[in-house]
Amino acid sequence: MIQSVIKFGGSSLAKPSNIIHAASIINNPPPNVLRQHVVVSAPGKRFPNDIKCTDLLISAHTAASNQDKALYDTIIHKIVSRFQELSLSLPFNTEIWDRAQNSNQKHSALSYALSRGEFFNAAVVAAALENYEIIDPADSFIIFDPHTQELDMTSTMQAIGMTFGQEITNGSGYIIPGFYGSISGNPLNIQTFSRGGSDITASLVAAALHDVSPSSTIVHENFTDVDGIYNADPNICRASIISKLGYQQCKRMALAGANVLHSDAIRPLEERAIPLWIRNVQPLGKNVEGKEIYTEVTATEVCSGNSDTSSSSIVLAVCGQEDCITIVCKNKVNEDMKLNLINELQEFLEQNDVNALVMKCTDDVSIEIKVDENKRNDVLSLLHGYIYR
């Protein structure tokens, strides 16, 4: 039997229909799969111009810190309305205000405010299920070091292992709010990961389950609003889904601007060779065999399988953020391959009157291209069309 730790992103839990669908996914796993450990994000955008719940919470904390009670009440009312729409009746929450006014630790007060989106959304999802218990990650579960405010991996693995050390009966499980934990396991002193940190929570849970039972088969299913990881931003060019890639390739893409997964979520999975499946909460497509399209991240890195060193043969993906475009390769590239690829791309860009600098990276799976940030997307589309011609 496969134990799956599943995580739902914010856009996957933003509307009542999303909650119902998520509950159906949890209750109806594939044969031989158990979905008993569920990590949830805060509600995301319901429509393009909507405001994420976490951003509303930041605004509420700012209003409280500025002692603007009228603005605070207005924002809190919006937050409460969001959760009422998701079928959770909340009292008019004043603790964000109280902590901002009375806490000697401003960072702790902000972290508390930030964490409430995941905390309340866990209650929403649990209410849609039967026999699923909520685990508060601030209560000696996700533990941060009191001196560095960084994750205490050893203590966290032990704490999660103790919580999930016993077998769960069929039809029951756990709902875990993502994104946060606490300093030294003290629930009054909340600490968060960086934005998107629910991915990290889910990978830590999967890693701890593996450590508790190394002989068990553990996977991590990450449900989002796209079919998987694309070889470029599909909003910029006609990108394609990458069906399989390695951990380091995935991490390099995440660091380079592919926003499907938090880069810090990779290491706990990689160290234990736990497969990661990135899939659409509403699957839109099938491959030629009629199977669902998704991306699998495993220990086996994608390789070109031949000695051709042209860009079209060895490039896995083209990513971009700020003034940088990153070319992630299928193969680990040696110095000669890297130099050939740099020269090829530099020549192509010059032929197209693009002012850019193609540079070597310190790793062996990518190169970087510095461009005018205002023209980055146009250059990325041009490169993608050339590479995948």
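Everything quoted here is computed from the prediction, not taken from an experiment. (Residues numbered from 1 in each chain as written. Predicted model: local features only at pLDDT ≥ 70, side-chain atom pairs only at ≥ 80, totals over all residues. Heavy atoms only, no water.)

Engineer: What am I meant to see in the overall build of the protein chain here?
Structural biologist: In terms of helices and strands, the protein chain carries twelve helices and 15 strands. The C-alpha atoms of the protein chain give a radius of gyration of 22 Å, which matches the 21 Å a tight globule of 389 residues would have. Each principal axis of the C-alpha distribution contributes one length, and for the protein chain these read about 60 × 50 × 40 Å. Per-residue burial over the protein chain gives 53% buried out of 389 residues. Contacts spanning at least 24 positions in sequence make up 70% of the contacts within the protein chain whose residues lie at least 6 apart. Here the protein chain displays about 17,900 Å² of accessible surface, and carbon together with sulfur accounts for 47% of that area. Considering the protein chain, the positive charge centre built from 30 side chains and the negative charge centre built from 44 side chains are found 3 Å apart. (Helix = DSSP H or I, 4+ residues; strand = E, 2+ residues; numbered from the N terminus. Rg over C-alpha atoms; globule rule 2.2 N^0.38 Å. Buried < 20%, exposed > 50% of the residue type's maximum accessible area, 1.4 Å probe, protein only. Contact = heavy atoms within 4.5 Å. Areas by Shrake-Rupley, 256 points an atom, 1.4 Å probe, with all protein chains shown as cover. Lys, Arg positive; Asp, Glu negative; His and termini not counted. Charge placed at Lys NZ, Arg CZ, Asp CG, Glu CD.)

Engineer: Help me out: how do you make sense of the sheet that holds strand β1 (residues 2–8) in this one?
Structural biologist: Two strands in a sheet stick together by hydrogen bonds in their backbones, pointing the same way (parallel) or opposite ways (antiparallel). If you walk across this open sheet you meet the eight strands as β3-β5-β2-β1-β8-β10-β11-β9, and the pairing is mixed. Each edge of the open sheet carries a strand with a single partner, namely β3 (132–134) and β9 (244–246). Sheet twist, expressed as the mean angle between neighbouring strand axes with direction ignored, is 25 degrees. Two strands pair when backbone bridges link them, and β3 and strand β5 (residues 173–177) are joined in this way by three bridges, in the parallel orientation. By the bridge assignment for β5, Y132 is matched with G173. Contacts from helix α8 (residues 247–255) reach β9 and β11 (295–298) within the one sheet, and its direction differs from that of β9 by about 90 degrees. (Pairing = 2+ DSSP bridges. Axes fitted to C-alpha atoms, helices over the stretch in contact; angles between N-to-C directions.)

Engineer: How do you make sense of the environment of A159 when you look at a structure like this?
Structural biologist: Relative to the elements of secondary structure, A159 occurs in helix α6 (residues 153–163). When its relative accessible area of 10% is taken as the criterion, A159 is described as buried. As a C-alpha pair, A159 and T74 span 85 residues in sequence and 39 Å in three-dimensional space. With near-sequence residues (within four places) excluded, A159 lies in contact with S140, F141 and I143.

Engineer: Even after reading the chapter, I still don't get the layout of surface pockets, so can you show me in this structure?
Structural biologist: To find leftover empty space, a probe the size of one water molecule is rolled over the atoms. The calculated volume of the largest pocket comes to roughly 1,300 Å³. Where the lining of the largest pocket is concerned, the elements lending two or more residues are α2 (53–65), α7 (198–212), β8 (217–224), α8, β12 (315–321) and α12 (376–387). Taken together, the residues of the lining of the largest pocket break down into 20 nonpolar, 21 polar and nine charged. Approximately 350 Å³ is the volume found for the second largest pocket. Surrounding the second largest pocket, 18 residues form its lining, L151, M153, F193, I200 and D264 being those nearest its centre. Per-element accounting of the lining of the second largest pocket gives the leading share, three residues, to helix α9 (residues 266–270). Within the lining of the second largest pocket, the residues separate by chemical class into eight nonpolar, five polar and five charged. (1 Å grid on protein atoms, 1.4 Å probe; cavity = no way out; pocket = protein on both sides within 12 Å on 5 of 7 lines; lining within 4 Å. Points joined across faces, edges and corners; volume = space filled by probe spheres on them. Nonpolar A, V, L, I, M, F, W, Y, C, P; charged D, E, K, R; others polar.)

Engineer: Explanation requested: the side chain of Q346 in the structure shown.
Structural biologist: Turning to its location among the elements, Q346 is positioned in helix α11 (residues 335–351). Residue class for Q346 comes out buried when judged on its relative accessible area of 16%. A polar side-chain atom of Q346 sits 3.0 Å from the main-chain carbonyl oxygen of A356. (Polar contact = N/O pair within 3.5 Å; in protein donor to acceptor, adjacent residues only side chain to side chain.)

Engineer: Would you mind showing me how to read the confidence of the model for the protein chain here?
Structural biologist: Should pLDDT be low for a region, the predicted coordinates there are not to be read in detail. On average, residues of the protein chain score 90 in pLDDT, and 92% of them reach the 70 mark or higher. When mean pLDDT is taken per element in the protein chain, strand β4 (residues 143–144) scores highest with 98 and helix α10 (residues 311–314) scores lowest with 74. (pLDDT = per-residue confidence, 0-100.)

Engineer: I tried to follow the sheet that holds strand β6 (residues 180–183) on my own but got confused; where do I start?
Structural biologist: Strands sit in the order β4-β6-β7 across an open sheet of three strands; the sheet is mixed. Whereas interior strands pair on both sides, the edge strands pair on one side only; in this sheet they are β4 and β7 (190–192). Where β6 meets β7, three bridges bridge the pair, whose relative direction is antiparallel. Note on β7: the bridge partner recorded for G181 is Q191.

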